[in-house]
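Architecture and fold: a report
Each chain, letter by letter, is given below.
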Amino acid sequence: MTGPVTGPTAGPATGSVTGHLPGHLTGHRGGPTEGDLAATGPTGADAAQERLRRWRLVLGGDSADGTGHALRGRDAAMDGALTSLYGKGDTPRPGRDRAAGLGASAPAVARWLGDIRTYFPSSVVQVMQRDAIDRLGLATLLLEPEMLEAVEADVHLVGTLLSLNKAMPETTRETARAVVRKVVDDLEKRLATRTRATLTGALDRGARTGRPRHHDIDWNRTIAANLKHYLPEHRTIVPERLVGYGRASRSVKKEVVLCFDQSGSMAASVVYASVFGAVLASMRSVDTRFVVFDTSVVDLTDRLDDPVDVLFGTRLGGGTDINRALAYCQSQITRPAETVVVLISDLYEGGIRDEMLKRVASMQAAGVRFVTLLALSDEGTPAYDREHAAALAALDAPAFACTPDLFPEVMAAAIERRPLPIPDAG
């Protein structure tokens, strides 16, 4: 920067200024955006001051930010909360070496958590909490009940709590379960109804009948079955044989094995998986088995009536032996042609790679539908072993990341044995 910013359209020079606010929070600070300014009407000096105020909040107040704008009142308090978390980077910045931070003081962190909930919307609070845990090493403070009562609960916080499960004192455990329960209940409300409806439809369509009602006719299969009855002069097919969807009975139609990698990087996936496992277990026509693994294998099927119990039965972290986990899952399959196995893992195999691939091929040859998910979360595609993913794809078991909203469609496609709705990698 060569001087202060002036005029209603001026802003800091790009490329020469670094502030304390990360990119994922820019735009969430207090005050309207420039688009809001245009809509609400401030012009001239007022608009210029508002623009400078926003740039000052974003850039963090070092002498090099070039705004020359001082913050007061609520803005100053908001800036202080952000400085506590983002004000001290990996290297000192020009003009001022910030020494602010949360330290390891539980009272200071509790006050800070209260401040950010006052100044920012819930979605931003969750991001800032996550950053505080990662940047400042505050995970151990979550072992104190007063900390848990102050935080904004989300999937990532649950993952952190689960990773601390074994170190958690009894005084904190009940509070932690209450936090996890709230998140799980919210996820069930969001996901359960659509999942049941989607899979019930897939199970209904999985039963074929030769005497369907009109609205149950499978037109694609009917046309394929009657191609020999094509009348070229009329350019039509005479459907002498109808093929239709049957109606699924209350008996078990499909078996689903959910096999989850419980390494630390899969924390969010395990949270969503426990919810989906509980939803599937509540459906009479689906026999669901829930298996988690690291270098050992644990079957948590008997806990599926309560996903919170499933989560506290996991042990996040440790190594990975996919081959051993799949060997156990294979031993539990009784009706291969009616079974869907879902492996959720980043595929960093610590076991015997060739044996793992042979086991997948063996299950598929027996009629099992095998699905590989690199993650079950909203975070996008994680780091994963590309060599193993390519080897699975060669076995017609493509590996891809799946969002919770897409998971019911993936399961429906697997049940109906149609192509999976793989997201566009681009």
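Predicted model, so just to flag it, every value in this text is computed and none were measured.

Scoring rules and cut-offs
- Residues numbered from 1 in each chain as written.
- Predicted model: local features only at pLDDT ≥ 70, side-chain atom pairs only at ≥ 80, totals over all residues.
- Heavy atoms only, no water.
- pLDDT = per-residue confidence, 0-100.
- Contact = heavy atoms within 4.5 Å.
- Helix = DSSP H or I, 4+ residues; strand = E, 2+ residues; numbered from the N terminus.
- Expected span 1.5 Å × (residues − 1).
- Disulfide = S-S within 2.5 Å.
- Pairing = 2+ DSSP bridges.
- Axes fitted to C-alpha atoms, helices over the stretch in contact; angles between N-to-C directions.
- Buried < 20%, exposed > 50% of the residue type's maximum accessible area, 1.4 Å probe, protein only.
- Core = buried A, V, L, I, M, F, W, Y, C linked by side-chain atoms within 4.5 Å.

Section: the confidence of the model for the chain
Here the chain averages 79 in pLDDT, while 78% of its residues score no lower than 70. Here residues 1-18 is a poorly scored stretch, pLDDT under 50, and it has 29 contacts once near neighbours within four places are set aside; other chains count. Across residues 90-100 the pLDDT falls below 50, and counting only partners more than four positions away or on other chains, this stretch makes 21 contacts in the model.

Here we look at helix H13 (residues 353-365)
Here H13 contains 13 residues, and its C-alpha end-to-end distance of 19 Å stays within 8% of the 18 Å for a straight helix at 1.5 Å per residue. The inward-facing, buried residues of H13 contact helix H12 (322-332), strand E8 (339-344), strand E9 (369-376) and helix H14 (386-394). Two residues or fewer past H13, Gly367 is found with a positive phi of approximately 110°.

Here we look at the state of the cysteines
Scanning the model with the defined rule gives zero disulfides in all. Sulfur of Cys259: no disulfide; nearest cysteine sulfur belongs to Cys329 and is 3.7 Å away.

Describing the sheet that holds strand E7 (residues 297-299)
One key point about sheets: their strands pair by backbone hydrogen bonds, in either a parallel or an antiparallel sense. Read from one edge to the other, the open sheet built from six strands follows the order E7-E6-E5-E8-E9-E10, with strand pairing classed as mixed. Looking at strand neighbours, the two that pair on one side only are E7 and strand E10 (399-402), the edges of this open sheet. Direction aside, the axes of adjacent strands within the sheet are offset by 25° on average. In the packing of helix H15 (residues 407-416) onto the sheet, the strands contacted are strand E5 (254-261), E8, E9 and E10, and the crossing angle to E9 comes to about 170°.

Digging into helix H10 (residues 267-281)
End to end, H10 covers 21 Å across 15 residues, agreeing with the expected 21 Å (1.5 Å per residue, within 8%). Counted residue by residue, H10 has 14 buried out of 15 residues, so it is predominantly covered.

Focus on the side chain of Ser269
Within the fold, Ser269 resides in helix H10. Among all residues touching Ser269, those that are not within four sequence positions of it are Phe260, Ile344, Ala375, Leu376 and Ser377.

Let's talk about the pairing of strand E6 (residues 286-293)
Among the eight residues in E6, six count as buried, and that is most of the element. Across eight bridges, the pairing between E5 and E6 is parallel. Across the sheet, Val257 pairs through a bridge with Arg289, a residue of E6. Looking at chain direction, E6 and E7 are connected through three bridges and run antiparallel.

Focus on the environment of Asp75
For Asp75, the position within the fold is in helix H3 (residues 73-86). Given the relative accessible area of 15%, Asp75 is considered buried. Spatially, the C-alpha atom of Asp75 lies 8.7 Å from that of Arg53, the residues being 22 residues apart in sequence.

So, the nonpolar core
The biggest cluster of nonpolar side chains holds 83 residues, and the ones touching the most others in it are Phe120, Met128, Leu161, Phe290, Val342, Leu376 and Phe407. Broken down by element, this core gets its largest block of residues, 10 residues, from helix H8 (residues 170-206). Filtering out sequence-adjacent residues up to four positions away, Leu161 remains in contact with Leu142, Leu148, Met168, Ala176, Val179 and Val180. If you look at the next biggest cluster of nonpolar residues, it comprises 24 residues, including Phe293, Ile333, Leu357 and Leu392.

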